[in-house]
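Breakdown of the fold
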Amino acid sequence: MGGVSRRTLLAGAASLSGSALVAGAATGAAQAAPTGPARSGAAEPAPVVVEGDIRYPALTRGQNQRFASRPESIHLPGTTDQAVGAVQDAVRAGKRISVRGGGHCYEDFVDHPEVQAIVDLSRMADIGYDAGMGAFYAGGGARLGDVYSTLFKGWGVTLPGGSCPSVGVGGHVPGGGYGNLSRRHGLIVDHLHAVEVVVVDAEGTARAVIATRDPADPNHDLWWAHTGGGGGSFGVVTRYFFRTPGATGEPSRLLPAPPSTLFVAWLRWPWDKLDERSFSRLVRNYGTWCEENSAPDSPYRGLMARLDPEARAAGQVLLSVQMDTSVPGAGKLLDDFIAAINDGVGVDVEFYQEKHELPFEQGTGWPGFAGGNPTERYKYKSSYHRKGLTDDQIGALYRVLAETDYDHPGYVLTIATHGCQVNAVAPDATAQPHRDSVLKLLWGTTWANPSEDAKHIDYHRNVYRSVYAGTGGVSVPNDVTDGCFINYADGDLADPEWNSSGVPWHELYFKGNYPRLQQAKAAYDPQDIFRHAQSIRLPGQQ
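All values reported here derive from a predicted model rather than from experimental measurement.

1. As for the pairing of strand S16 (residues 439–447)
With 9 of 9 residues buried, S16 is to be regarded as a mostly interior element. Here S16 shows no split at all, with Leu 439, Leu 441, Trp 443, Thr 445 and Trp 447 on one side and Lys 440, Leu 442, Gly 444 and Thr 446 on the other all buried. Pairing analysis gives 9 bridges linking strand S14 (residues 377–385) to S16, with the strands arranged antiparallel. By the bridge assignment for S16, His 385 is matched with Leu 439.

2. A closer look at the pairing of strand S9 (residues 236–242)
The buried count for S9 comes to 7 of 7 residues, which makes it a mostly enclosed element. Note: strand S7 (residues 192–200) against S9, 6 bridges, orientation antiparallel. Across the sheet, the residue bridging to Val 197 is Val 237, located in S9.

3. So, the packing of aromatic side chains
Inspection of every chain in the model, using the stated rule, returns 25 aromatic pairs. A ring pair is formed by Phe 136 and Trp 155, whose centres lie 4.9 Å apart and whose planes are at 70°; its orientation type is edge-to-face. Of this pair, Phe 136 sits in strand S6 (residues 135–139) while Trp 155 sits in helix H3 (residues 144–155), and the two are 19 residues apart along the sequence. For Trp 155, a relative accessible area of 8% gives the class buried. Here the aromatic rings of Tyr 411 and Tyr 459 are separated by 5.4 Å at their centres, their planes lie at 90°, and the arrangement is edge-to-face. Here the residue Tyr 411 occupies a position in strand S15 (residues 411–417), and Tyr 459 occupies one in helix H11 (residues 453–467), the gap between them amounting to 48 residues. For Tyr 459, a relative accessible area of 11% translates into the label buried. Through a chain of ring-to-ring contacts, three or more aromatic side chains come together here, namely Tyr 106, Tyr 378, Tyr 380, Tyr 384, Phe 485 and Tyr 488.

4. Here we look at the packing of helix H7 (residues 276–292) against helix H10 (residues 391–402)
Packing of H7 against H10 brings their axes to within 10 Å, and their N-to-C directions diverge by 125°. Judged by the inter-axis angle, H7 sits oblique to H10. H7 and H10 meet at a crossing whose hand is right-handed. On the side of H7, the interface is formed by Glu 276, Phe 279, Ser 280, Val 283 and Arg 284, while H10 contributes Asp 391, Ile 394, Gly 395, Leu 397, Tyr 398, Arg 399 and Leu 401. Considered class by class, the residues forming the contact of H7 with H10 number 6 nonpolar, 2 polar and 4 charged.

5. What about the sheet that holds strand S13 (residues 350–359)?
Read from one edge of the open sheet, 7 strands run S13-S10-S12-S11-S15-S16-S14, paired in antiparallel fashion. This sheet does not close on itself; its edge strands, each paired only once, are S13 and S14. Along the sheet, successive strands turn relative to each other by an average axial angle of 15°, direction set aside. Sitting on the sheet, H11 touches S14, S15 and S16, and the angle it makes with S16 is about 160°.

6. Some words on the sheet that holds strand S3 (residues 97–100)
Strand order in this open sheet of 4 strands is S1-S2-S4-S3, and the pairing throughout is mixed. Looking along the sheet, the strands with just one partner apiece sit at the ends: strand S1 (48–49) and S3. Sheet analysis places strand S2 (residues 73–75) next to strand S4 (residues 117–120), joined by 3 bridges and oriented parallel. Within S4, the position partnered with His 75 by the bridge is Val 119. Here helix H2 (residues 80–92) sits on the sheet in contact with S2, S3 and S4, set at roughly 155° to S3.

The rules behind these values
Residues numbered from 1 in each chain as written. Predicted model: local features only at pLDDT ≥ 70, side-chain atom pairs only at ≥ 80, totals over all residues. Heavy atoms only, no water. Buried < 20%, exposed > 50% of the residue type's maximum accessible area, 1.4 Å probe, protein only. Helix = DSSP H or I, 4+ residues; strand = E, 2+ residues; numbered from the N terminus. Pairing = 2+ DSSP bridges. Phe/Tyr/Trp six-rings, centres within 6.5 Å; stacked < 30°, edge-to-face > 60°. Axes fitted to C-alpha atoms, helices over the stretch in contact; angles between N-to-C directions. Parallel < 35°, antiparallel > 145°, perpendicular 65-115°, else oblique. Left-handed = near helix turned anticlockwise from the far one by under 90°. Contact = heavy atoms within 4.5 Å. Nonpolar A, V, L, I, M, F, W, Y, C, P; charged D, E, K, R; others polar.

Structure (structure tokens):
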């Protein structure tokens, strides 16, 4: 089942799940962190790693082995004060800064040849409840799996974030993180109460600022910018605070309760039994079902699924699905969903894993959704769809996946269900504007050998461009498609060779919210200290 193993690897790059407690994390409601920007008062600076240190090679790259940096220094703050000091030292020395949270950036936004100082947040991974703030917190270096496990075991609550446990909240949250519970509870930023950010003013002075959801907060726009504007544009987020809007009372009431148990199932259609007609029917069924079952009040808001049409070399098309068992008639709803997807395909669907029930904690680590491999190289793209793929798009997809001599099983397209409670939020209420889509697509390929970079990147680019040939090679906002996801960063969107649509990369990511993001940039990073190839530009810049 080579394709199944590839699916497991690729799923982790997109989302996340929960496992062990992080060292030093709070494990009960009695534990709390003091509120305020500076939590330590420690005068000593953050540890610094330089070339020659045994840690240097590991700290100059993230998960994607395509990219490595060679900074003069890597700063490892353990407190907000130390993060302020690290940023201030780099600014004073005129060094180009980048920030690393979990290290899952798809492009070279962190590990870039011009970067001279990296602020690595891995030591700021504390998780717990802040009684003064009345919210849960996670340090900028915390991993999603640890966040989920700590919240669940300590208070019986969770967040609707991604499904890969090793993804860091540092980059996941400000992009508007999406995951397996988002159809029921919205995006993770819909529960973001506040952010603590190290910013640099026009005089070059670094300071920590707390910005909240409260519209009367003078720093409200900084909070808003971190609800979909992406990471690395405004400062260093040292801590995130989470509380569902309107929630009051005990900590166990301040965030969503997860399902007690989940139904899961993993299905496959062998490529050797599919032709263009049956493949097209399968993909069309899935898109039509999502169009019809993604309203905020849908009884299917407790269902999350991913259809994975892999390259023929992988051997199959996969469908992974989980369903909240607390939904009335959950078992029948899941059976009806599977029947609707396979209706008229003419190929018997096979169960790689039959439908069965798992407790929530174990279900979040189910390999149908979770995984990741930090030893490989990869390239990803994204797209949102307001409707299912058109006949032309499906035909192009079939040709590039089935009628090809590309023999690598590592290519996969993941078509995830979207919408429901995600779409209950206005597109300008947060910086994440994609609030009326029913599908979220992740296009990706992974490989190990550096000598094969061109082969895999070229194939991947041509698949994507072929499917969106009618709109300049990208998913432009229109009545069918709706742009791209900043957390699945794609440098090609700024390259006219691969984006001939005339729609700029920032409109694909941010749509009409971009001007407000630029104003936040001018207010909180007027010197453009925090920048990368697709960071928010200052007003007047391209």
